[in-house]
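If you want the building blocks of each chain, they are given just below.
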Amino acid sequence: MTRLSVNLNKVALIRNSRGSNFPDLIQVAKDCERFGAHGITVHPRPDERHCKFSDLPLLKENCTTEFNIEGYPSRHFLDEVIKVKPHQCTLVPDEPNQITSDHGWDTIKHQSFLKEIIQELKAHKIRVSLFIDADVKLIEGAANVGADRIEYYTGPYAKNYSTNPISAIKEIKDTCAVAVQLGLGINAGHDLNLENLRYLKENLPQLDEVSIGHALICDALYLGLENTIRLYLNKLA
Ligand code: PXP
């Protein structure tokens, strides 16, 4: 089974644009769960333009499914994550002002940095996933630094899917067996949508979890949140 974790950053962005609590992020998270989502993801960035760090304890308290916090592991981020103890923390090598994540970790260059952070998070019983490009050396590096899972950066897959799905999936598919052999769980995220999700799932039977935000929230504008979540779950069935 592949779990669907709904990334609520875009909901928080709309809320923040008016300074009040509408839409209510916690209510939306609970509704996503009621509509069948297996998890909730947020990505607090240093400027808090999406999810705010103050949202984290409330989300943890109210969510009944898996809670995943992703982001760059600054000291501040790590302290907040450790306070909240989500089920999973996905580490992302984002620059503070990046519009969105667009590459995975260099697990060789940042080996000692990552190793130390992962040890700390795991000591608090938080599962750690590393955002990563589909490259065997980097995946081996992820296993070496003690990650529990990798999250494939699926931006390039999504970009190339419509013109050539076979070549779009090739690197992810080829490296996935290595990751599984190394004992890593497999997550995937970024630019996944109703068009490209089923093909990803069909080619990666080992896929544990996808986290999807932008396209899912955009689809919900037209289709409604309940219907949209059902359609995404259907692609993973
Ligand atoms: N995974 C990571 C690490 C991300 O940074 C994001 C975007 O916040 C996603 C997954 C979800 O990407 P999208 O919003 O394109 O579905």
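Everything discussed here concerns the structure shown above.
Description of the structure in this document. The numbers attached to residues start from 1 for each chain and follow its sequence in the written order. With pLDDT at 70 or above as the cut-off, local features in this predicted model cover only qualifying residues; side-chain atom pairs require 80 or more to be listed or tallied, and sums for whole chains, interfaces and linings still use all residues. Each side-chain value is derived from all of the structure's non-hydrogen atoms; neither hydrogens nor water enter the calculation.

As for unusual backbone geometry
Most peptide bonds take the trans form, and the phi angle of most residues other than glycine is negative. Cis geometry is found at the peptide bond from Phe-22 to Pro-23, where omega equals 0°. Mapped onto the fold, Pro-23 is located in the loop between helix 1 (9–16) and helix 2 (25–34). For Glu-48, which is not glycine, the phi dihedral falls at a positive 55°. You can see Glu-48 is positioned in the loop between strand 2 (39–42) and helix 3 (55–62). The phi torsion at Lys-85 lies on the positive side, around 50°, for a residue other than glycine. Helix and strand assignments follow DSSP, with helices taken as H or I runs no shorter than four residues and strands as E runs no shorter than two, numbered in order from the N terminus. Considering the arrangement of structural elements, one finds Lys-85 in the loop between helix 4 (75–84) and strand 4 (88–91).

Re the pairing of strand 1 (residues 3–7)
Note on strand geometry: in a regular strand, side chains alternate between the two faces of the sheet. Using a 1.4 Å probe on the protein chains alone, a residue whose accessible area is under 20% of its type maximum counts as buried, one over 50% counts as exposed, and one in between counts as partly exposed. Most of strand 1 is tucked away, with four of its five residues classed as buried. DSSP bridges decide pairing: two strands pair if at least two such bridges lie between them. Sheet analysis places strand 1 next to strand 8 (residues 207–212), joined by four bridges and oriented parallel. Residue Ser-5 lies in a different strand from strand 8, and its bridge partner there is Ser-211. Both strand 1 and strand 2 contribute to a ladder of three bridges, which runs parallel. Residue pairing across strands places Asn-7 opposite Thr-41, the latter belonging to strand 2.

Some remarks on the environment of Asn-144
By the element assignment, Asn-144 lies in helix 6 (residues 136–144). Spatially, the C-alpha atoms of Asn-144 and Thr-107 are 8.5 Å apart, while their sequence positions differ by 37 residues. Two residues qualify as a contact provided that any one of their heavy atoms is within 4.5 Å of a heavy atom in the partner residue. When neighbours within four sequence positions are excluded, Asn-144 is seen to be in contact with Gln-111 and Lys-115.

Quick notes on the nonpolar core
Ranked by internal contacts, the top residues of the largest apolar core, which has 70 residues, are Leu-8, Leu-91, Leu-121, Leu-200 and Val-210. In this structure Leu-200 touches Thr-154, Tyr-157, Ile-169, Ile-172, Ala-188, Leu-192, Leu-207 and Val-210, once residues within four positions along its chain are discounted. For our purposes a nonpolar core is just a set of buried Ala, Val, Leu, Ile, Met, Phe, Trp, Tyr and Cys residues, chained together by side-chain atoms within 4.5 Å.

Some thoughts on the sheet that holds strand 2
Strand order in the closed barrel made by the eight strands is 1-2-3-4-5-6-7-8, with parallel pairing throughout. Here the average twist between neighbouring strands, direction ignored, is 25°. Bridging between strand 2 and strand 3 (residues 66–71) involves four bridges; their strand directions are parallel. Note on strand 3: the bridge partner recorded for Ile-40 is Phe-67. Only C-alpha atoms enter the line fits that serve as axes; for helices the fit covers just the stretch in contact. Angles between N-to-C directions range over 0 to 180 degrees.

Describing the site of the ligand
In the vicinity of the ligand lie 15 residues, with Ser-101, Glu-151, Asp-191, Gly-213 and His-214 positioned nearest. Between Ser-101 and the ligand, the recorded distance is 2.4 Å, taken from a side-chain N or O atom to an oxygen atom. Between N or O atoms, a polar contact is any pair within 3.5 Å; within protein, one atom must be a potential hydrogen donor and the other a potential acceptor, and residues adjacent in sequence are included only when both atoms are from side chains. Take Glu-151: an N or O atom from its side chain is 2.5 Å from a nitrogen atom of the ligand. All accessible areas in this document rest on Shrake-Rupley with a 1.4 Å probe, and a residue is counted as covered only by the protein chains that are shown. Relative to its unbound accessible area of 390 Å², the ligand is 95% covered by the protein chains. Among the residues forming the shell around the ligand, the class breakdown is three nonpolar, nine polar and three charged. Near is defined per residue: the residue qualifies when any heavy atom it owns lies within 4 Å of the molecule or strand. Under the scheme applied here, ten amino acids are nonpolar (Ala, Val, Leu, Ile, Met, Phe, Trp, Tyr, Cys and Pro), four are charged (Asp, Glu, Lys and Arg), and all others, including Gly, are polar.

Structural notes on a nonpolar patch on the surface
Residues Leu-221, Tyr-222 and Leu-223 make up a contiguous nonpolar surface patch of about 410 Å² in total accessible area. Examined against the element boundaries, Tyr-222 turns out to sit in helix 10 (residues 214–223). A residue is classified by how much of its surface remains accessible, and Tyr-222, at 76% relative accessible area, is exposed. Think of a patch as exposed residues, more than 30% relative accessible area, with no salt bridge, where like charges cluster within 9 Å and nonpolar side chains (Val, Leu, Ile, Met, Phe, Trp, Tyr) cluster within 5 Å. Between Lys or Arg on one side and Asp or Glu on the other, a salt bridge is scored when a side-chain nitrogen of the former is within 4 Å of a carboxyl oxygen of the latter.

Things to note about the pattern of salt bridges
This structure, assessed with the given rule, holds twelve salt bridges. Here Arg-45 makes a salt bridge to Asp-94, at a shortest N to O gap of 3.1 Å. With Arg-45 in the loop between strand 2 and helix 3 and Asp-94 in the loop between strand 4 and helix 5 (111–123), this residue pair connects regions lying 49 residues apart in the sequence. Across the pair Asp-47 and Arg-49 runs a salt bridge, and its minimum N-O distance is 3.0 Å. Judged by its relative accessible area of 41%, Asp-47 is partly exposed. You can call Arg-49 partly exposed: its relative accessible area is 22%. When salt bridges that share partners are traced, they join Glu-66, Arg-127, Arg-149 and Glu-209 into one network.

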